[in-house]
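One letter stands for each residue in the lines below.
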Amino acid sequence: MYKRIVFVAAMYIVLIVVLTFPLVLNISNSIPGFFSTDESLTALWDSWRIRYAFSHSLSFKHTDFIVYPFGHSIYDSGYVSYGWMSWFYFLSFVAGPVLAYNVQVLLNLFLSAIFTYILVMFLTGNKLSALFSGVAFAFCPYQFARIWQHLGLTYNQWLPLCLLAVVMLREHLCRRNVIILFFSLLLLFSFDFSITYMVTITLASYILYIIIVGLNTMFLSGKKIPEKEWCFIKKFFLTGIIALFILSPQFFPLIKNRVTASNNSVPSAFSSQRRPFEDLFRQSARPLSYFLPAAVHPVFGKFTEQFVGGGLYGESFTEHTLYLGWIPLLLAGIAYGRWRRLRKTKERDVPAQKTIRYDTQDAFYLGFFIFLGIAAWLFSQPPWWKWGPLKIYMPSFFMYKIIPMYRAYCRFGNVVMFAVAVLAGFGLKVLLERFHSAKVKAGITALVCALVIFEFWNWPPYKMIDVSRVPAVYYWLKDQPGDFAIAEYPLDVKGPTDIYKLYQIVHQKKMINSTTPGTYANDIAKTLIQLSQPRTAGMLRGLGVKYVLVHREDYEKVEISEEAEEMRKVPENPGLKLIKSFSAQSCPDSKIICLEQSVPVEVYEITADPIPVEPLQTKK
């Protein structure tokens, strides 16, 4: 057993190295990412901020390094996950921003694979089937889309772990399994909210499925639901309640915000209480999302690209990357056929000493994962389907009334992928049962693993960003003496620009950028958009700004002619003095994206007299 686990773990590690190549060779200076990566840059900034705050005896909860001079409360969303915060703080202290990020990403991929392997091994008793399921779930396109964009959503290992824990408890109602479930739930509730939400729905589906099967048996045969099932359900809920009670302080702010927030409040993409209802349509799964290879696939990606942005696929390269793979779907189809045959077979008694690998239990778990796949697929849909006058409401419509701060229901496609991966393991087991030679079975498993890895392949080009160096202007800025603030233009008033925060890791000067729409600081920032106006220079000086960094070509990229024309007038502002210009830079390695690549930057010193800005505490 020990040697088998070591071999499987080694295989998964090799696949992680290959599929994230060349990340491992650059683990201390690069992160996984591609052309639209942005939110991961904030994670790097936050890791640096934690370390900096600790070494300079600053607050962890509030910082004025951004949104200067008003400052920004870091944990104002209401949901503060203790487990992730402790783990993230620890890694930030001992490893630094880049390594801390990569350790989480690579470890989460590995644990997703190994926990899926253990679960399917427990369900099927077949190590080759389990090996394949681990590959299919851990290395699917959804997983890679997450590691390129959203660090919190890489913690998908809690899905197989928690399901394994409840399955073990149902099969053996012992104290050890209760403890395993308890700690699994603690981990689940202590990390990303989206993961918590998706796995909670998964576990609720398991309980519901048990009740449905029991009621079906009762109506067909007159047998009552076994007492053992009720005992399991009671132990499950009691364990969950205790885990939630222990972690309840981290949920109190979220509940408070939800209760106090008015249903008439204006929804916003940046609100921690209420997101726009329309987002549920934009960030829901589409039919082709599940069946077309990822747009980053080196062979088939160009074909998929033509559908991105359309109604049949979805608008996002990341959120709508939900490809299930035709190999897993084919094997899952074999498992479905096995389930259909088992249902038609007359149920027979199974000796108590037999394990769950026998047909009656196979039918139960095959049925559950089919049920889970359908339930998760329904959750991933828009709030309703509409055919003419007929409107059929989906789960997201009703869940929005309970948790309106959640909008990206397409992420339930990850649960669909998990259900397909497990079913594919069952299907591979059925296929392998036709052969007697161990070498033939191993060869078939190697073949299907190779095929699914090809289906999920993602490079070239390399999906990695070199963050070791930034544009030269920020090294110059770091060397400027004094305690002052800067402003980066174009001013990010529609939402924080993550790249500005990442540059701050190098220059370490406070900045007025990164305001959140709907806040007083953002209202002030909106009055500062027109840098060519003399009053703007005075107000910036009043806020403590000494230098303004102008990325002129970035205005042209937004394709707003008025703003581009306004920027051409900036040098005429008498309150600004051009003191330095930096030319554009390119990446030293054309195969790898880097932050050093930039457009020309002009640095202006503010010479205008300060115009006082009304402080936050006096605002009516």
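All values reported here derive from a predicted model rather than from experimental measurement.

Asks: Which residues make up the overall build of the protein chain, and what values do they have?
Replies: Per the secondary structure count, the protein chain includes 25 helices and 12 strands. Taking 25 Å as the expected radius of gyration for a compact globule of 620 residues, we find that the protein chain reaches 27 Å, a close match to that expectation. Considering only C-alpha atoms, the protein chain reaches an extent of 90 × 55 × 50 Å along its principal axes. Relative to its full complement of 620 residues, the protein chain shows a buried share of 55%. Long-range pairs, those at least 24 residues apart, make up 75% of the contacts in the protein chain with a sequence separation of at least 6. Of the roughly 28,200 Å² of accessible surface on the protein chain, a fraction of 63% belongs to carbon and sulfur atoms. One finds the centroid of the 60 positive side-chain charges in the protein chain at a distance of 13 Å from the centroid of its 42 negative side-chain charges.

Asks: Mind laying out the environment of Val452, listing which residues take part and the relevant values?
Replies: Along the chain, Val452 falls in helix H19 (residues 438-455). Expressed as a C-alpha distance, the spacing of Val452 and Pro328, which sit 124 residues apart in the sequence, is 7.4 Å. Excluding residues within four positions of it along the chain, Val452 makes contact with Phe132, Val135, Ile327 and Pro328.

Asks: Explain the sheet that holds strand E6 (residues 464-466) residue by residue, including any values.
Replies: Spatial strand order, E1-E6-E11: three strands in an open sheet with mixed pairing. Looking at strand neighbours, the two that pair on one side only are strand E1 (30-32) and strand E11 (593-594), the edges of this open sheet. Pairing analysis gives three bridges linking E1 to E6, with the strands arranged antiparallel. Across the sheet, residue Pro32 finds its bridge partner in E6, namely Met464.

Asks: Which residues make up the state of the cysteines, and what values go with them?
Replies: Evaluation of the coordinates by the stated rule reveals one disulfide. Just so you know, Cys410 is unpaired, no disulfide at all, and the nearest cysteine sulfur is the one on Cys140, 13 Å from it. The thiol sulfur of Cys449 is not disulfide-bonded, and the nearest other cysteine sulfur, from Cys140, lies at 14 Å.

Asks: So what's going on with the sheet that holds strand E9 (residues 545-550)? Residues and values would help.
Replies: On the basis of which strands lie adjacent, the open sheet formed by five strands has the order E8-E7-E9-E12-E10 and mixed pairing. Edge positions in the sheet fall to strand E8 (510-511) and strand E10 (576-582), since each has one partner strand and no second. Relative to strand E12 (residues 601-606), E9 runs antiparallel, the two sharing four bridges. Bridged to Tyr547 within E12 is Glu605.

Asks: Outline the packing of helix H7 (residues 158-171) against helix H8 (residues 175-189), supporting the account with residue identities and numerical values.
Replies: At a minimum axis distance of 9 Å, the contact between H7 and H8 shows a crossing angle of 155 degrees. Taken together, H7 and H8 sit at an angle that is classed as roughly antiparallel. Of the two possible hands of crossing, H7 and H8 adopt the one that is left-handed. Only Arg176, Asn177, Val178, Ile180, Leu181, Ser184, Leu185, Leu187 and Leu188 of H8 make contact with H7, whose side of the interface consists of Trp158, Leu161, Cys162, Ala165, Val166, Met168 and Leu169. For the contact of H7 with H8, the class distribution of residues is 13 nonpolar, two polar and one charged.

Asks: Kindly report on H8, identifying the contributing residues and their values.
Replies: For H8, which comprises 15 residues, the first-to-last C-alpha distance of 21 Å matches the rise-based estimate of 21 Å (1.5 Å per residue) to within 8%. Among the residues making up H8, those that are buried are Asn177, Leu181, Phe182, Ser184, Leu185, Leu186, Leu188 and Phe189.

Asks: Could you give me a rundown of the confidence of the model for the protein chain, with the residues and numbers involved?
Replies: When the pLDDT values of the protein chain are averaged, the result is 89; 91% of them are 70 or greater. Predicted confidence is poor over residues 346-358, with pLDDT under 50, and the contacts of this stretch with residues over four places away or in other chains come to 16 contacts.

Asks: Tell me what's going on with the environment of Thr445, and back it up with residues and numbers.
Replies: Residue placement: Thr445 occurs in helix H19. Once the C-alpha coordinates of Thr445 and Phe132 are considered, the two residues, 313 residues apart in sequence, prove to be 7.0 Å apart. Apart from the residues lying within four places of it in its own chain, the contact partners of Thr445 are Leu128, Leu131, Leu428 and Leu432.

Asks: Outline the packing of aromatic side chains, listing residues and values.
Replies: Tallied over the full model, the rule gives 61 aromatic pairs. Consider the rings of Phe70 and Tyr520, whose centres lie 5.5 Å apart with planes at 75 degrees: the pair is edge-to-face. With Phe70 in the loop between strand E2 (62-63) and strand E3 (72-73) and Tyr520 in helix H22 (residues 520-526), this pair connects stretches of sequence that are 450 residues apart. On the basis of relative accessible area, Phe70 is assigned to the buried category, the value being 19%. Through successive ring pairs, a cluster of aromatic residues spans Phe137, Tyr206, Tyr209, Phe232, Phe236, Phe237, Phe364, Tyr365, Phe368, Phe369, Phe371 and Phe418. Directly above the ring of Trp384 sits Lys391, whose terminal nitrogen or CZ lies 4.0 Å from the centroid. For Lys546, the ring lying beneath its charged end belongs to Phe484, and the centroid distance is 5.2 Å.

Asks: Which residues make up the nonpolar core, and what are the values?
Replies: Ranked by internal contacts, the top residues of the largest apolar core, which has 190 residues, are Tyr12, Phe132, Tyr206, Phe369, Leu540 and Val548. Considering each element in turn, this core owes the most residues, 15 residues, to helix H4 (residues 97-124). If we ignore the near neighbours within four places in the chain, the residues touching Tyr206 are Leu163, Val166, Val167, Arg170, Phe232, Phe364, Tyr365 and Phe368.

Asks: Pulling in residues and values, what's your account of the pairing of E12?
Replies: Regular strands show a simple pattern: their side chains alternate between the two faces of the sheet. Of all six residues in E12, five are buried; the element is thus mostly enclosed. Looking at chain direction, E10 and E12 are connected through six bridges and run antiparallel. Note on E12: the bridge partner recorded for Leu578 is Tyr604.

Asks: Requested: an account of the pattern of salt bridges, with residues and values cited.
Replies: Here the structure, examined in full by the defined rule, presents 11 salt bridges. Residue Asp362 is joined to Lys429 by a salt bridge in which the shortest nitrogen-to-oxygen separation is 3.6 Å. Residue Asp362 is located in helix H16 (residues 359-379), and its partner Lys429 is located in helix H18 (residues 413-432); the two are separated by 67 residues in the primary sequence. By sharing partners, the salt bridges in this structure join Arg338, Asp362, Lys429 and Glu433 into a single network.

How each quantity is defined
- Residues numbered from 1 in each chain as written.
- Predicted model: local features only at pLDDT ≥ 70, side-chain atom pairs only at ≥ 80, totals over all residues.
- Heavy atoms only, no water.
- Helix = DSSP H or I, 4+ residues; strand = E, 2+ residues; numbered from the N terminus.
- Rg over C-alpha atoms; globule rule 2.2 N^0.38 Å.
- Buried < 20%, exposed > 50% of the residue type's maximum accessible area, 1.4 Å probe, protein only.
- Contact = heavy atoms within 4.5 Å.
- Areas by Shrake-Rupley, 256 points an atom, 1.4 Å probe, with all protein chains shown as cover.
- Lys, Arg positive; Asp, Glu negative; His and termini not counted.
- Charge placed at Lys NZ, Arg CZ, Asp CG, Glu CD.
- Pairing = 2+ DSSP bridges.
- Disulfide = S-S within 2.5 Å.
- Axes fitted to C-alpha atoms, helices over the stretch in contact; angles between N-to-C directions.
- Parallel < 35°, antiparallel > 145°, perpendicular 65-115°, else oblique.
- Left-handed = near helix turned anticlockwise from the far one by under 90°.
- Nonpolar A, V, L, I, M, F, W, Y, C, P; charged D, E, K, R; others polar.
- Expected span 1.5 Å × (residues − 1).
- pLDDT = per-residue confidence, 0-100.
- Phe/Tyr/Trp six-rings, centres within 6.5 Å; stacked < 30°, edge-to-face > 60°.
- Lys NZ or Arg CZ within 6 Å of the ring centre and 35° of its normal.
- Core = buried A, V, L, I, M, F, W, Y, C linked by side-chain atoms within 4.5 Å.
- Salt bridge = Lys/Arg side-chain N within 4 Å of Asp/Glu carboxyl O.

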